[in-house]
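So you can see what is in the structure, the chains are spelled out below.
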Amino acid sequence: MSRFELDARRMLCPMPVIKTQNKVKELAEGDILAVVCTDPGALSDIPAWARINGHTILGHEENDDELTITVRVGG
Amino acid sequence: MAKQHKAVALISGGLDSLLAVRVLQEQGIEVEGINFYTGFCVEGHTHAIRNHDKDKQKRNNALWAAEQLGIKLHIVDVIEEYKDVLLNPKHGYGANMNPCLDCKIFMVSKAVEWVKEHHKEGFDFIITGEVIGQRPMSQRKEVMPIVAGESGADDILLRPLCAKNLAPTKPELEGWVDREKLYDFHGRNRKPQMALAKQFGFTDYASPAGGCCFLTDKNYSDKLVDLWEGRGSREYEMDDIMLLKVGRHLRPKPEFKMIIARDAGESKYLEGYRKQFVTIQVISHNGPLSMVDGKIQTEDYELAAGIVARYGQGRDAEEVKVEISVPGQDVQTLNIKPLSIEQVLEEWHV
Ligand code: SF4
């Protein structure tokens, strides 16, 4: 299991979702990806994407204007 | 055991694609969705920018539709490839800058590529939510075979909502799907779709007024054409597409345009462009951030600053102090008198 970070700052939805999806394709089951974004829309889109495609949201953190959403690849 | 046939569905997030998928799921077909992001899609964007949109429920309708259907959704970034569709549409534009027919052909052809790439996983045909006669340009009966032919999909393109009005396709001929259980919807009347939605228990679905993208919007198209004319070139980047949705746009001179934020959310968004563009802001009073797109000469600073000041709280003051920041240069300040309403000419508004 490895930990990765994805910079999706200043991208507007659905770009953070597309970047997350494409990054996750390169990762292995169980890997953790922290997506850092600034579009609050990602907070509904990334979890929706994860539910649909069988990934797990471990949580999210907000500080200042940044939002970090943590995804575990797979269930 | 008979092979499990799989289809990939073009998902826009609207009701039609939702129904088309459910109709096939009822027949035991396994479906996955594909959604193409051209940069102009109605989904997302602006709600993240403007203040008053912040509290609205945010949802990406394509993802929402996929979740309702219990299918996977692949979102594909086609921003670069789409440029050629928008700039050189063989079949021309619709009422605005929307190249709907070429767009449909392009998207179906991308789906054909996807099916080829995923053939091993059992994908063998494509479905769309198209309904004959529903859209003036891209869904007339005569154009249905054009989309199938020019996209290279031919007989593997099935439109479950209007299949009975069209020649049978491979999935029907091969008996993968039962043609009798498909539909014959046509025309602009949406009642049959709404009835079917009710039957399937879909509520709260999206029904975008114009189309699936901003190119069907007159204001947006006007701004796009103005951008191209102003630059003398039809090149565009993702930032340009986004900026056309932000702020009020005024072109006081052919060589430059001003983008003036309408609220704090937009000001904050424009902040992100400070390093790339000349920005102008009143500092003696509260006021919006404004950005200059194009080439502005020093002698026009006063004019530009006067316009920006018109939209801030100092609009009636005798004099306001304005900060002009040019990337890579020291910030300059200027004392100017805001333009009056009459001085901001109607024809400047893009
Ligand atoms: S409305 Fe936009 S996305 Fe939809 S078919 Fe027309 S050009 Fe394509």
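Structure report, in brief.

Definitions and cut-offs
Residues numbered from 1 in each chain as written. Chains lettered and ligands numbered in written order. Predicted model: local features only at pLDDT ≥ 70, side-chain atom pairs only at ≥ 80, totals over all residues. Heavy atoms only, no water. Helix = DSSP H or I, 4+ residues; strand = E, 2+ residues; numbered from the N terminus. Rg over C-alpha atoms; globule rule 2.2 N^0.38 Å. Buried < 20%, exposed > 50% of the residue type's maximum accessible area, 1.4 Å probe, protein only. Contact = heavy atoms within 4.5 Å. Areas by Shrake-Rupley, 256 points an atom, 1.4 Å probe, with all protein chains shown as cover. Lys, Arg positive; Asp, Glu negative; His and termini not counted. Charge placed at Lys NZ, Arg CZ, Asp CG, Glu CD. Buried area = accessible area lost by both parts, 1.4 Å probe. Salt bridge = Lys/Arg side-chain N within 4 Å of Asp/Glu carboxyl O. Nonpolar A, V, L, I, M, F, W, Y, C, P; charged D, E, K, R; others polar.

1. Here we look at the overall build of chain A
No. 1: Summing up its helical and strand segments, chain A has 2 helices and 4 strands in all.
No. 2: Start at the N end of chain A and walk to the C end: the helices and strands fall as β-α-β-α-β-β.
No. 3: Taking 2.2 N^0.38 as the reference for a compact globule, 75 residues should give roughly 11 Å; the C-alpha atoms of chain A span a radius of gyration of 11 Å, in line with that estimate.
No. 4: Its C-alpha atoms give chain A principal-axis dimensions of about 30 × 20 × 20 Å.
No. 5: For chain A, the proportion of its 75 residues judged to be buried stands at 51%.
No. 6: Taking as baseline every contact in chain A between residues at least 6 positions apart, the subset at least 24 positions apart corresponds to 65%.
No. 7: Summing over all exposed atoms, chain A offers an accessible surface of approximately 3500 Å²; the carbon and sulfur share of this is 46%.
No. 8: Once the 8 positive and 12 negative side-chain charges of chain A are each reduced to a mean point, those two points are 6 Å apart.

2. Overview of the interface of chain B and chain A
No. 1: On the side of chain A, 19 residues touch chain B, which itself brings 24 residues to the contact.
No. 2: Between chain B and chain A the total buried area reaches about 1800 Å² when both faces are included, carbon and sulfur atoms providing 62% of it.
No. 3: Counting across the interface, chain B meets chain A through 2 salt bridges.
No. 4: With a shortest N-O distance of 3.7 Å, Asp65 of chain A and Lys268 of chain B are connected by a salt bridge.
No. 5: Listing elements by their share of the side of chain B that touches chain A, those giving two or more residues are helix H2 (46-49), helix H3 (61-69), strand S3 (73-77) and helix H11 (264-271) of chain B.
No. 6: Among the residues forming the side of chain B that touches chain A, the class breakdown is 12 nonpolar, 5 polar and 7 charged.

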